[in-house]
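Architecture at a glance
Each chain is listed here by its residues.
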Amino acid sequence: MSEKLYIFDTTLRDGEQSPGCSMNLGEKLEMARLLDRLGVDIIEAGFPIASQGDFDAVSAISAELRRPTIAALARANQLDIDRAWAALKDAAKPRIHTFLATSDIHLKYKLRKTREEILRMISWAVGHASSLCPDVEFSPEDAGRTDRSYLIECCHAAVEAGATVLNLPDTVGYCLQPEYEEMFADVKAGVPGTEKVVLSTHTHNDLGLAVANTLAGIRGGARQVECTINGIGERAGNAALEEIVMALYVRHDVEPVHTDIHTEELYPASQLLIRLTGMQVQRNKAIVGLNAFAHEAGIHQDGYLKNATTYEIMSPETVGMPTDHIVLGKHSGRHALANRYRELGYDLTKPEVERAYELFTKLADHKKNVYDEDLISIVNEGFEHIPELYTLKLLESVSNSEGRSTATVEMEKDEQCSRESATAEGPCDAAFRAIDRVTGIPGTVIEFSVHSVSSGADGTAEVVIRARFQGKEFSGKSTSYNVIEAAARAYLQAANKGVYEIRRSVKDAAATGGSVHENELVDRLLPGGY
Ligand SMILES: [Zn+2]
């Protein structure tokens, strides 16, 4: 019988803090519910000292989800740890996760502390956390580049102070598999009392080795792995949960551990994260990419049709990926639509079905076949997770081959309609600038991608935009048979998130006695020169 491997999901912490992946409270809760359904053992819900938003997310998730352990991150000091504990107060199974860098590079340049000082800080911080919470995880940050004998001393100090989980992160994605495996074996052999603690991996994908290193860590003795949905995270990202889970599932013949993940929720979880953040996965992404189960080459298709196992090591159904594509047309009813959504992993409420149906019929008027991808896009676009401050009522776009475009938008907010026009080099840019004039908060587009969401000439275009408002990045995503309209709606979605966040941070600052006054901020936000 293989041993149980604990899945520690940090999509909402390490994932969420990376560029383009921020989520608001409602979105984090929605993601956490799906992670619970997926069966993850531990949800790292945030870094409570970092912001009021993180604190609220940890509190809300702690109060709602009873099955998984809820972890909160804290640096190795009293303020952080107390704040984490306060956020966890309603959790059924709380865990404080405290960390401190231990590599010489970090000690010298970041912390400016000696090895002895760090050891004392670890003992104190883990001891303090243990006095509050029975479950305490300690991470020596940059363990992968820490001197091995010093790493063992640090781990020893943490275990003696009461740590229940020792996480050895390859923070910078530098390790190769044999090194990472050996580090676990060394800590296991060198630190007294490790039989009572769980060893954990935390790997980054800078060299494309995050999942491989995770599996190496398991061979070295780790029984918890830290990972994120779609592998989102700092820089090149964290180890992808779905890849680890399926590697262990498919190769249970040789791997020494199993997980309790409900694999058929992997694809819905991946899709939900894309919907919430606008962060796409590449088509050839393992397990959850659009092409992950597509057999294109003739000889492969032939073999596959004779017997799927000739070219398929797992079935799309196992990971919850829908397989039949043409489903609905103009004459399909609400019931069929709701059913199909259920099969795709979306349990829509009655008003949501109504809204989806309205968008579906609008789309079906323009194209003959509505594909699963179209349906997913409808949910992505049509269901607002941020209060929709501004809605786009009308877009007019005129452009010519000389490279001048004019856009006029009519937008509504609190039942008041505003109309603005702007001129720019391209039609999309003109639409964005017109939107900026209405919201009064100019944004800078930093990523703009267009692709067709379904096959055939009637395919609709999906536009994903990442834009910066006030130094923070937000994403928007929209689908339409008109690319300029899709771009304008995607941009507006990002702008709505920006306006919402900026207002919220003004309120937060006011609540905590911060020095930012709304007028000051609004002054800074007003567009400079049009
Ligand atoms: Zn990390």
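Right above here is the structure, for reference.
Residues numbered from 1 in each chain as written. Predicted model: local features only at pLDDT ≥ 70, side-chain atom pairs only at ≥ 80, totals over all residues. Heavy atoms only, no water.

**Regarding the environment of glutamate 312**
Heads up, the rule is: Going along the chain from the N terminus, every DSSP run of H or I of four or more residues is numbered as a helix, and every run of E of two or more is numbered as a strand. Residue exposure (1.4 Å probe, protein chains only): buried if accessible area is under 20% of the type maximum, exposed if over 50%, otherwise partly exposed.
Tracing the backbone through its elements, the reader meets glutamate 312 in the loop between helix H12 (298-306) and strand S11 (326-328). A relative accessible area of 12% places glutamate 312 in the buried class. Considering only alpha carbons, one finds glutamate 312 and phenylalanine 293, 19 residues apart in sequence, at a separation of 7.8 Å.

**Section: the pattern of salt bridges**
Where charged atoms of side chains with opposite charge meet at close range, the side chains can pair. So the rule is basically this: Counted as salt bridges are all cases of a side-chain nitrogen of Lys or Arg within 4 Å of a carboxyl oxygen of Asp or Glu.
Under the definition given, this model contains 35 salt bridges. Here lysine 89 and aspartate 90 are joined by a salt bridge, their closest N and O atoms 3.6 Å apart. Here arginine 95 ties to glutamate 137 by a salt bridge, and the two come within 2.8 Å at their closest N and O atoms. On the criterion of sequence distance, the pair formed by arginine 95 in strand S5 (residues 94-101) and glutamate 137 in strand S6 (residues 136-141) is long-range, its members being 42 residues apart. As far as the burial class goes, arginine 95 and glutamate 137 line up, both buried. Among the ionic contacts, a cluster of salt bridges with common partners joins Lys4, Asp41 and Asp260.

**Regarding the packing of aromatic side chains**
The criterion, for reference: Between rings of Phe, Tyr and Trp, where Trp is taken as its six-membered ring, a pair exists when centres lie within 6.5 Å; planes separated by under 30 degrees are stacked, by over 60 edge-to-face, and by other angles tilted.
Counting across every chain of the model gives six aromatic pairs. Measuring from ring centre to ring centre gives 6.2 Å for tyrosine 357 and phenylalanine 360, while their planes differ by 40°; the resulting arrangement is tilted. You can see tyrosine 357 and its partner phenylalanine 360 sitting in helix H14 (residues 350-364), three residues apart, about one turn around the helix. Measuring from centroid to centroid gives 4.5 Å for phenylalanine 432 and tyrosine 491, while their planes differ by 20°, and the two rings are stacked. Here phenylalanine 432 is found in helix H16 (residues 427-439), whereas its partner tyrosine 491 is found in helix H17 (residues 483-511), with 59 residues between them in sequence. Comparing phenylalanine 432 with tyrosine 491, the two get one shared label, buried. Each member of the aromatic cluster is reached from another via a ring pair, and the members are Phe432, Phe448, Phe469 and Tyr491.

**Digging into the pairing of strand S4 (residues 69-75)**
The test is simple: At least two DSSP bridges between two strands are required for those strands to pair. With the strands aimed away from the viewer, a crossover counts as right-handed if its path from the first strand over the helix to the second runs clockwise.
In terms of residue burial, S4 counts as a mostly covered element, since six of its seven residues are buried. Note that strand S3 (residues 42-46) and S4 share four bridges and pair parallel. Of the residues in S4, the one forming a bridge with isoleucine 43 is isoleucine 70. Traced from S3 through helix H3 (residues 52-64) to S4, the parallel crossover comes out right-handed. Of the strand pairs in this sheet, S4 and S5 are connected by six bridges, and their pairing is parallel. When the sheet's bridge partners are listed, alanine 71 is paired in S5 with arginine 95.

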